[in-house]
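# Geometric and topological summary
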Amino acid sequence: MSDISPRIDATWLPVLKSEFDAPYFAQLKAFLVDERAKHTVYPQGNQIFSAFNHTPFDKVKVVILGQDPYHGPGQANGLCFSVSPGISQPPSLKNIFKEINTDLGIPIPRSGDLTPWANQGVFLLNTVLTVRAGEANSHKNKGWERFTSAVIQKISEQKQDVVFLLWGNPAKQKEELIDTSKHHVLKAAHPSPLAGGAFFGSKHFSKTNEILRSLGQAEIDWRVE
């Protein structure tokens, strides 16, 4: 963690250089070094920036915002809502796949690895990029939120016609960072079972493809297998 920025795809470096050079980011790195010395931290170091490495800045078409990484062994892989191959699907991810099945008729997959989405331009960003094992929200308010808010702002400022999917109240609060005059924002309840099924029927996956199609862009293939 002593030199974090080279682990991020080169297209993001000029976009985020001011954040990497900021004092708060140095403090964040110091915090993570200390955390790793005392605790197990997820995801592993080379996966912290997986979302950026699978979806270069110039390829971002869709943004999905999560909260913080899964905190169980082997789950987090650096992509929001995604789990590593061979890991059983957490409840929120199961609900995402149920909605895709209802919305687009795509069979519910066995795999919960969303890397195929990321490789098509779906930027799967958590607002906090690390977590202590077994302790949800344990890396809240350590600097990641400032960093990821800056990421959203940079996408908004420097790109055009990105589709933002904001699920749940924390994600919806990020709408103020997005220039809605040149981007597309779809909002829904969080896919967690705690939302009582309010996520179902949002049809965000077909709506996203309708927007992309209207822009003359390739649609997202929401299958993961």
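Residues numbered from 1 in each chain as written. Predicted model: local features only at pLDDT ≥ 70, side-chain atom pairs only at ≥ 80, totals over all residues. Heavy atoms only, no water.

On to the overall build of the protein. A tally of helices and strands in the protein yields eight helices and six strands. Along the protein, helices and strands appear, N-terminal first, in the series α-α-β-α-β-α-α-β-β-α-β-α-β-α. Its C-alpha atoms give the protein a radius of gyration of 17 Å, near enough to 17 Å, the size a compact globule of 225 residues would have. Projected onto its principal axes, the C-alpha coordinates of the protein cover approximately 45 × 35 × 30 Å. Burial status across the protein gives 55% buried among its 225 residues. Of the contacts formed within the protein by residues at least 6 apart in sequence, a portion of 66% connects residues at least 24 apart. Roughly 10,100 Å² of accessible area belongs to the protein as shown, and the carbon and sulfur atoms make up 48% of that amount. Averaging the locations of the 24 positively and 22 negatively charged side chains of the protein gives two centres separated by 2 Å. (Helix = DSSP H or I, 4+ residues; strand = E, 2+ residues; numbered from the N terminus. Rg over C-alpha atoms; globule rule 2.2 N^0.38 Å. Buried < 20%, exposed > 50% of the residue type's maximum accessible area, 1.4 Å probe, protein only. Contact = heavy atoms within 4.5 Å. Areas by Shrake-Rupley, 256 points an atom, 1.4 Å probe, with all protein chains shown as cover. Lys, Arg positive; Asp, Glu negative; His and termini not counted. Charge placed at Lys NZ, Arg CZ, Asp CG, Glu CD.)

Attention now goes to the packing of helix α4 (residues 91-104) against helix α8 (residues 204-214). Helix-helix packing: each pair is described by the crossing angle between the helix axes and the interaxial distance. Across the interface, α4 lies against α8 with an axial gap of 8 Å and an inter-helix angle of 60°. One element, α4, and the other, α8, form an angle in the oblique class. Within the contact between the two elements, α4 uses Ile96, Glu99, Ile100, Asp103 and Leu104 and α8 uses His204, Phe205 and Ser206. Classifying every residue of the contact of α4 with α8 gives four nonpolar, two polar and two charged. (Axes fitted to C-alpha atoms, helices over the stretch in contact; angles between N-to-C directions. Parallel < 35°, antiparallel > 145°, perpendicular 65-115°, else oblique. Nonpolar A, V, L, I, M, F, W, Y, C, P; charged D, E, K, R; others polar.)

Moving on, we get to the packing of aromatic side chains. In the structure shown here, the tally under the stated rule is 23 aromatic pairs. Residues Phe25 and Trp144 carry aromatic rings whose centres are separated by 6.2 Å and whose planes lie at 85° to one another, so their mutual orientation is edge-to-face. Of the two residues, Phe25 is situated in helix α2 (residues 23-38) and Trp144 in helix α6 (residues 144-158); the sequence distance between them amounts to 119 residues. With respect to burial, Phe25 and Trp144 carry one shared label: buried. Both rings, one in Trp144 and one in Phe147, keep their centres 5.9 Å apart while their planes meet at 65°; by these two values the pair is edge-to-face. Here Phe147 and Trp144 lie together in helix α6, a separation of three residues that amounts to about one turn. Among the aromatic residues, those joined into a ring-pair cluster are Trp12, Phe20, Tyr24, Phe25, Phe49, Phe52, Phe57, Phe123, Trp144 and Phe147. Above the face of the Phe57 ring, Lys159 is positioned so that its terminal group lies 5.1 Å from the ring centre. (Phe/Tyr/Trp six-rings, centres within 6.5 Å; stacked < 30°, edge-to-face > 60°. Lys NZ or Arg CZ within 6 Å of the ring centre and 35° of its normal.)

Moving on, we come to the layout of surface pockets. Space inside the largest pocket adds up to approximately 550 Å³. Residue lining of the largest pocket: 29 residues in total, with Gln67, Asp68, Tyr70, Ser92 and His190 positioned closest to the centre. For the lining of the largest pocket, a count of residues per class yields 15 nonpolar, 13 polar and one charged. Volume-wise, the second largest pocket comes out at about 280 Å³. When contributions to the lining of the second largest pocket are tallied by element, the ones reaching two or more residues are β2 (62-66) and α7 (169-172). Its residues assigned to classes, the lining of the second largest pocket comprises six nonpolar, eight polar and three charged. (1 Å grid on protein atoms, 1.4 Å probe; cavity = no way out; pocket = protein on both sides within 12 Å on 5 of 7 lines; lining within 4 Å. Points joined across faces, edges and corners; volume = space filled by probe spheres on them.)

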